[in-house]
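Residue strings, one per chain:
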Amino acid sequence: MATTYAPHFIPSETTSSTSTPIKMAQDELKKIAAYKAVEFIKSGMVVGLGTGSTAKHAVDRIGELIQQGVLTDIVGIPTSKKTHEQALSVHIPLSDLDTHPVVDLAIDGADEVDPDLNLVKGRGGSLLREKMIEFASKEFVVIVDETKLVDYIGGSGLAMPVEVVPFCWKFTAHKLELLFKESGCVAKLRICPETGDPFVTDNSNYTIDLFFKKSIGDLKAAGDAILRLPGVVEHGMFIDMATAVIVAGDGGVTVKNKER
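Residues numbered from 1 in each chain as written. Predicted model: local features only at pLDDT ≥ 70, side-chain atom pairs only at ≥ 80, totals over all residues. Heavy atoms only, no water.

**Q** Provide a residue-level description of the pattern of salt bridges, including the pertinent values.
**A** Overall, the coordinates contain eleven salt bridges when judged by the stated rule. Notably, a salt bridge pairs Glu39 with Lys36, separated by 3.1 Å at the nearest N-O pair. Owing to a relative accessible area of 16%, Lys36 belongs among the buried residues under this scheme. Between Asp240 and Lys258 there is a salt bridge, with its nearest N and O atoms 3.3 Å apart. Pair noted here: Asp240 is in the loop between strand S12 (237–238) and strand S13 (244–249) and Lys258 is in the segment after strand S14 (252–257), with a separation of 18 residues, a long-range link. Judged by its relative accessible area of 23%, Lys258 falls in the partly exposed class. When salt bridges that share partners are traced, they join Asp108, Lys121 and Glu130 into one network. (Salt bridge = Lys/Arg side-chain N within 4 Å of Asp/Glu carboxyl O. Buried < 20%, exposed > 50% of the residue type's maximum accessible area, 1.4 Å probe, protein only. Helix = DSSP H or I, 4+ residues; strand = E, 2+ residues; numbered from the N terminus.)

**Q** I'd like a rundown of the sheet that holds strand S5 (residues 112–113), residues and numbers included.
**A** Taken together, three strands build an open sheet; the order of strands is S5-S6-S12 and the sheet is antiparallel. The open sheet has two edge strands with one neighbour each: S5 and S12. Sheet topology places strand S6 (residues 119–120) next to S12; two bridges connect them, and they run antiparallel. Within S12, the position partnered with Leu119 by the bridge is Phe238. (Pairing = 2+ DSSP bridges.)

**Q** Go over the sheet that holds strand S11 (residues 232–235) with me, naming the residues and quoting the values.
**A** Strand order across the open sheet formed by four strands is S9-S10-S8-S11, with antiparallel pairing between neighbours. Edge strands, defined here as strands with exactly one partner in the open sheet, are strand S9 (186–189) and S11. Here the strands of the sheet are splayed against their neighbours by 30° on average, with no regard to which way each runs. Relative to strand S10 (residues 206–211), strand S8 (residues 160–164) is paired through five bridges, and the arrangement is antiparallel. Bridging across to S10, Val164 finds its partner in Tyr206. Strands in contact with helix H4 (residues 127–135) are S8 and S11; relative to S11, the strand with the most contacts, it is inclined by about 65°. (Axes fitted to C-alpha atoms, helices over the stretch in contact; angles between N-to-C directions. Contact = heavy atoms within 4.5 Å.)

**Q** Can you tell me about the layout of surface pockets, naming the residues and giving the values?
**A** For the largest pocket, the calculated volume is near 540 Å³. What lines the largest pocket is a set of 32 residues, and nearest its centre among them are Thr51, Gly52, Ser53, Gly124 and Glu130. Among the secondary structure elements, those contributing two or more residues to the lining of the largest pocket are helix H2 (53–68), helix H3 (81–89), strand S4 (103–109) and strand S7 (137–145). Its residues assigned to classes, the lining of the largest pocket comprises six nonpolar, 14 polar and twelve charged. (1 Å grid on protein atoms, 1.4 Å probe; cavity = no way out; pocket = protein on both sides within 12 Å on 5 of 7 lines; lining within 4 Å. Points joined across faces, edges and corners; volume = space filled by probe spheres on them. Nonpolar A, V, L, I, M, F, W, Y, C, P; charged D, E, K, R; others polar.)

**Q** How would you summarise the packing of H2 against H3 if you had to cite specific residues and measurements?
**A** At a minimum axis separation of 9 Å, H2 and H3 run at an interaxial angle of 30°. The angle between the axes of H2 and H3 places the two elements in the roughly parallel class. As H2 runs across H3, the sense of the crossing is right-handed. Touching Lys56, Val59 and Asp60 of H2 are Thr83, Gln86 and Ala87, all from H3. When its residues are assigned to classes, the contact of H2 with H3 shows two nonpolar, two polar and two charged. (Parallel < 35°, antiparallel > 145°, perpendicular 65-115°, else oblique. Left-handed = near helix turned anticlockwise from the far one by under 90°.)

**Q** Any chance you could break down the pairing of S7 for me, citing the residues and the numbers?
**A** In terms of burial, S7 is largely enclosed, as seven of its nine residues are buried. Bridging between S4 and S7 involves six bridges; their strand directions are parallel. Counterpart to Gly109 in the pairing with S7 is Ile143. Relative to S13, S7 runs parallel, the two sharing five bridges. In the strand pairing of S13, Asp145 is matched with Ala248.

What follows is the structure, encoded as structure tokens:
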């Protein structure tokens, strides 16, 4: 079931005359989607705080509502070191899964969303903590723009990340390629463009990005096969986890709810 909301302008505190209208429109749509997601939050909730450009708007909005007294007794659980720093800067009280093993609601972005609301996440490098927190959430609200909608997982032609231990990562990458040979899989170690060194996750692991030429078929079977490989920590497919997806586009914001 999907509900569409017409776009409306949310004033920004700062604007730049050099910004292109298209970029401003996209950012405002992201902000509208993020604000819509925050409407799901009620006082007293434990909230998973996502990572990324759209989730950043949601974190800022939560902090703003706390300062206004609209939201009270909120506890945030950040999905990355970067979000941890941001949340502290806007005065959101923070905790962790050890203290709060059940999360009421998580809000985060995604890199791909298929018609069944399965996701690819982790191109920003935070997939393990994101999955741990969002798996523990009663409700998981995802925010994307319409370019993230795909016919099947991997359909964008962009990376499906897999977090791996650094030890013998080439061995693990080769095994991942063989696993999805029929889908034309190519496995690449993620590199930091600034240094040329391997990208290191918040958990001191590496990321192998998988690129597919066609569908990998049964996602649960594929995910299980990935996790059976020694050296793999976690994969970036979030299967049957999203309860709602908020999609920002030129026509407004659409809320897609998971059918139960």
